[in-house]
Structure formats: structure tokens, C-alpha cells
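# Inside the fold
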Amino acid sequence: MTAIDTLYATILERRAADPSESYVAALTGKGRAKIAQKVGEEAVETALAAVGGDRAQIAAESADLLFHLCVLWADCDLSPQDIYAVLEQRQGRSGLAEKASRSS
Ligand SMILES: N=c1c2ncn([C@@H]3O[C@H](COP(=O)(O)OP(=O)(O)OP(=O)(O)O)[C@@H](O)[C@H]3O)c2ncn1[C@@H]1O[C@H](COP(=O)(O)O)[C@@H](O)[C@H]1O
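So, a few notes on the structure that sits alongside this text. (Residues numbered from 1 in each chain as written. Predicted model: local features only at pLDDT ≥ 70, side-chain atom pairs only at ≥ 80, totals over all residues.)

Following the sequence through the fold, glycine 40 ends up in helix α3 (residues 32-52). Each C-alpha atom, one on glycine 40 and one on histidine 68, is 9.3 Å from the other, the two residues being 28 residues apart in sequence. (Helix = DSSP H or I, 4+ residues; strand = E, 2+ residues; numbered from the N terminus.)

Below you can see the structure in the form of C-alpha cells.
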């Protein structure tokens, strides 16, 4: 099990928790648009940290991003395995071939 699988399992458990005791439950209760907004904010913070070049900050922002992405997947009824399956389908294919297939 990867750290993402473990985190995702925790998120599934916490979705139905008391929102006053659980960030996952509180954010989930605000709806998918709010979760998606948080993913966007954390992605920007990760990108800005990368430009700044502080490796510890990049790692911390990346962890925030992955966490919020997992909350979003859970809300969309997608599991990490669904994402891994897409990544595995792309394994061994050139990124340029992938790009060409998307634009055709
Ligand atoms: N990995 C995380 C994790 N990463 C980040 N965060 C929270 O994500 C929030 C987002 O950070 P921001 O700086 O954007 O803060 P904010 O101002 O509080 O956010 P908003 O008010 O805008 O929503 C912070 O409150 C962090 O604590 C996390 N909260 C929970 N987890 C994991 O989820 C598990 C369940 O958490 P609870 O649901 O709180 O029990 C925990 O045990 C952890 O394993």
C-alpha cells in the first residue's frame, strides 16, 4: 500500500465524521466546487514554491496538493487505483505520442 492509498482510506473514513472534529468532513460538507477550489489553490502554492526553490516548502505544498486531490477523488467516487490505471496505460508511451493522440 502506498502512502496515498493509506491517506485515501483515512479520507473515506473521515468524510462522515463530525465536521467540527474533522477537516475532511468540514471540507466535504462545503461541496465539490469548494474542494476543487482548494486543489487549485494548493497547485498554485506548489508551483510558486517550486519557483522559489525551497525543497522543504515544495515538499510540504506538494503534500497539501496530494491530500486535497485525494479529497476531490473521494468526492468524485474515484479511487487512487483508478488514477494508477490511467498512468499504467500510459507507461512506455512517449509523452509526445500521447500529446499527438490528444490533439487528433
Ligand atoms: N494530510 C492531511 C492534511 N494536509 C493538509 N491538511 C489541512 O488542509 C488545510 C488547508 O490548508 P490551508 O492553508 O489552505 O488552510 P485553511 O485556511 O485551514 O483552509 P480553508 O479554510 O481555506 O479551507 C489545513 O487546515 C491543513 O491542516 C490536512 N488535513 C488532514 N490530513 C490527513 O487527513 C486525516 C484526517 O483529517 P481530519 O479529517 O481532520 O480528521 C489526517 O489524519 C491527515 O492524515
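Attention now moves to helix α4 (residues 55-75). Its 21 residues place the ends of α4 30 Å apart at the C-alpha level, agreeing with the 30 Å of an ideal helix rising 1.5 Å per residue. Of all the residues in α4, the buried ones are Glu61, Leu65, Phe67, His68, Cys70, Val71 and Ala74. Taken together, the buried residues of α4 touch α1 (3-14), α2 (23-29) and α3. A positive phi of about 60° marks aspartate 77, the residue just after α4. (Expected span 1.5 Å × (residues − 1). Buried ≥ 20, exposed ≤ 12 C-beta atoms within 10 Å, placed from the backbone. Contact = placed C-beta atoms within 7 Å.)

Neighbouring residues of the ligand: Leu7, Thr10, Arg14, Ser22, Tyr23, Val24, Ala25, Leu27, Lys38, Asp64 and Phe67. Counting residues per element, the ones that place at least two in the shell around the ligand are α1, α2 and α4. Along the lines of polarity and charge, the residues of the shell around the ligand split into 6 nonpolar, 2 polar and 3 charged. (Near = placed C-beta within 6 Å. Nonpolar A, V, L, I, M, F, W, Y, C, P; charged D, E, K, R; others polar.)

Running from amino to carboxyl end, α3 crosses α4 at an angle of 160°, the nearest separation of the two axes being 8 Å. Put simply, α3 runs roughly antiparallel to α4. Note that α3 runs across α4; the crossing there is left-handed. Within the contact between the two elements, α3 uses Arg32, Ile35, Ala36, Lys38, Val39, Glu42, Ala43, Glu45, Thr46, Ala49, Ala50 and Gly52 and α4 uses Gln57, Ile58, Glu61, Ser62, Asp64, Leu65, His68, Leu69, Val71, Leu72 and Asp75. Here the contact of α3 with α4 is built from residues that sort into 11 nonpolar, 5 polar and 7 charged. (Axes fitted to C-alpha atoms, helices over the stretch in contact; angles between N-to-C directions. Parallel < 35°, antiparallel > 145°, perpendicular 65-115°, else oblique. Left-handed = near helix turned anticlockwise from the far one by under 90°.)

Coordinates in, geometry out; function isn't part of it.
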